[in-house]
Amino acid sequence: MAERYLYAKSKQDIVVRYPGNPILTKNDVPLAAKGVFNSGIIKKKDGKYVMLCRVETPSMKQFVWPADSVDGVKFQLRPEPIIMPKDPEFLEYTTGMYYDPRVTEIEGKYYIIFACHSTHSCRLGLLRSTDMVDFKWMGFISEVDNRNGVLFPEKINGLYCRYDRPNTSDGRAYMWVSYSPDLIHWGGSKAVALAKDEWGWKKNGPGAVPIKTDKGWLIIYHAVNVQCAAQYVYHLGVMLTDLNDPSKIIARSDSPILSPTTDYELNGLSYAVVFTCGAVLEDNREVKIYYGGADTVQCLATAKLDDLIDACFNR
Ligand code: BMA
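In this text the structure is predicted, and so the values were computed from the model without any measurement.

Undergrad: Describe the sheet that holds strand 4 (residues 62-69), naming the residues involved and giving the relevant values.
TA: Spatial ordering of the open sheet is given by 2-3-4-5, a layout of four strands whose pairing is antiparallel. The outermost strands of the open sheet, each flanked by one partner alone, are strand 2 (35-43) and strand 5 (76-77). For strand 3 (residues 49-56) and strand 4, the ladder comprises eight bridges, and the chain directions are antiparallel. Across the sheet, Arg-54 pairs through a bridge with Val-64, a residue of strand 4.

In structure tokens form, the structure reads like this:
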């Protein structure tokens, strides 16, 4: 038991919180907001970062709001959020709740998967952009009760690949992989990672866009345990999957790499949440992990890529 605790402690130490956290709060949003969190991120070829922020207003309206940065730390929200599609398919479905965007660059184009709510529960929607300024609606890409869609940055065996998190009838949820020839029609679905660890027995789901390494795809995911009968606690974990078959787990950390412990992770619109929608691998092999704290503020932490890989092997 003592050994296990020491393990967890050392793993959490490999992820270093940015001392100036949170990097964005509701005060940075150009309208009355309750929170800004769970933001997707992309570092473009020109070295500039664009974050797609989840902004929530006091009346529970949600916006996907771009923010720019030259250093990946200081972000400035643009004057306007992304104008959501006028497409009849979209308008008929949505209740104005869309959130948790993930941005993936594939073959020079940017694709954004986000969760979209309606009376039929949650589905995944897809936007495309060539410049991270204009965004084009591509359609819904899942049935209902599915969220946390994340695209891989390249095709695998000639097909686009994604992880997502459909709910299961027992009230639990875990990561699945699916494939598509055109990003719209998906199949070949397979469960990847069952929710099983003590700190993630209730649910797990993809977080950041997978990072390609010579040891496999590095997956930074969220994992949930329930404390005191009703309290969900969201952690981050890491695993490595096979480069040609992302349903095969090569190695998986047996303890979280980040758990809610600071005030801005424990206290907010929700209690005890760290939740990532994006990470950036820098040239010096530092990984910037962007994460929401307590469903209220946007935070940043860093880790060395090699430490994250070692964590997967429980080294
Ligand atoms: C998940 C998602 C996230 C949220 C998290 C914690 O299911 O809905 O948007 O951050 O719950 O509340």
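Moving on from the model shown.
Undergrad: Quick one: what's the story with the pairing of strand 2, residue by residue and with numbers?
TA: Counting buried residues along strand 2, eight of its nine residues qualify, which places the element largely inside the surrounding structure. Of the pairings in the sheet, the one linking strand 2 to strand 3 comprises seven bridges and is antiparallel in character. Bridge assignment links Phe-37 to a residue of strand 3, and that residue is Arg-54. Linking strand 2 back to strand 3 in an antiparallel pair, the connection comprises five residues, with Gly-47 at a positive phi of about 85°.

Undergrad: Can you explain the packing of aromatic side chains? Please cite residues and give values.
TA: Using the criterion set out here, one finds 13 aromatic pairs in the structure. Consider the rings of Phe-63 and Trp-65, whose centres lie 5.7 Å apart with planes at 75°: the pair is edge-to-face. Overall, Phe-63 belongs to the buried group, its relative accessible area being 16%. By relative accessible area, which is 2% here, Trp-65 ends up buried. An aromatic cluster of at least three residues, connected via ring pairs, comprises Phe-90, Tyr-93, Tyr-98, Phe-114, Trp-137 and Phe-140. Here Arg-123 stacks its cationic end above the ring of Tyr-93, 5.0 Å away from the centre of that ring.

Undergrad: Tell me about the side chain of Glu-56, and please be specific about residues and values.
TA: Summarising the element assignment, Glu-56 is placed in strand 3. Reaching out from Glu-56, the side chain makes a polar contact with the side chain of Gln-62 at a distance of 2.9 Å. For Glu-56, the residues in contact, after removing those within four places along its chain, are Ala-33, Lys-34, Gly-35, Phe-37, Lys-61, Gln-62 and Leu-269.

Undergrad: An account of the site of the ligand is requested, with residue identities and associated values reported.
TA: Around the ligand, the surrounding shell consists of Asn-38, Arg-54, Tyr-99, Asp-100, Arg-147, Arg-165, Tyr-234, Ser-270, Val-273, Phe-275 and Asp-295. Interatomic distance of 2.9 Å between a side-chain N/O atom of Tyr-234 and an oxygen atom of the ligand. Coverage of the ligand by the protein chains reaches 85% of its 300 Å² of free accessible surface. Per-class residue counts for the shell around the ligand are four nonpolar, two polar and five charged.

Undergrad: Just give me the short version of unusual backbone geometry, but keep the residues and values in it.
TA: Across the junction of Asn-21 and Pro-22, the peptide omega takes the value -5°, indicating a cis bond. Among the structural elements, Pro-22 can be located in the loop between strand 1 (16-17) and strand 2. The phi dihedral of Ala-294 is positive, around 50°, even though this residue is not glycine. Relative to the helices and strands, Ala-294 is located in the loop between strand 20 (286-293) and strand 21 (297-304). Accessibility expressed as a relative area gives 0% for Ala-294, which makes it buried. One non-glycine residue, Asn-314, lies in positive phi territory at about 55°. Relative to the helices and strands, Asn-314 is located in the segment after helix 4 (305-312). Judged by its relative accessible area of 19%, Asn-314 is buried.

Undergrad: Which residues make up the sheet that holds strand 12 (residues 175-180), and what values do they have?
TA: The strand order 10-11-12-13 describes an open sheet built from four strands, whose pairing is antiparallel. Either end of the sheet is taken by a strand with one partner, and the two such strands are strand 10 (146-151) and strand 13 (187-193). Pairwise comparison of adjacent strand axes, ignoring direction, gives a mean angle of 30° for this sheet. Relative to strand 12, strand 11 (residues 160-166) is paired through five bridges, and the arrangement is antiparallel. Of the residues in strand 12, the one forming a bridge with Tyr-163 is Val-177.

What counts and what doesn't
- Residues numbered from 1 in each chain as written.
- Predicted model: local features only at pLDDT ≥ 70, side-chain atom pairs only at ≥ 80, totals over all residues.
- Heavy atoms only, no water.
- Pairing = 2+ DSSP bridges.
- Helix = DSSP H or I, 4+ residues; strand = E, 2+ residues; numbered from the N terminus.
- Buried < 20%, exposed > 50% of the residue type's maximum accessible area, 1.4 Å probe, protein only.
- Phe/Tyr/Trp six-rings, centres within 6.5 Å; stacked < 30°, edge-to-face > 60°.
- Lys NZ or Arg CZ within 6 Å of the ring centre and 35° of its normal.
- Polar contact = N/O pair within 3.5 Å; in protein donor to acceptor, adjacent residues only side chain to side chain.
- Contact = heavy atoms within 4.5 Å.
- Near = heavy atom within 4 Å.
- Areas by Shrake-Rupley, 256 points an atom, 1.4 Å probe, with all protein chains shown as cover.
- Nonpolar A, V, L, I, M, F, W, Y, C, P; charged D, E, K, R; others polar.
- Axes fitted to C-alpha atoms, helices over the stretch in contact; angles between N-to-C directions.

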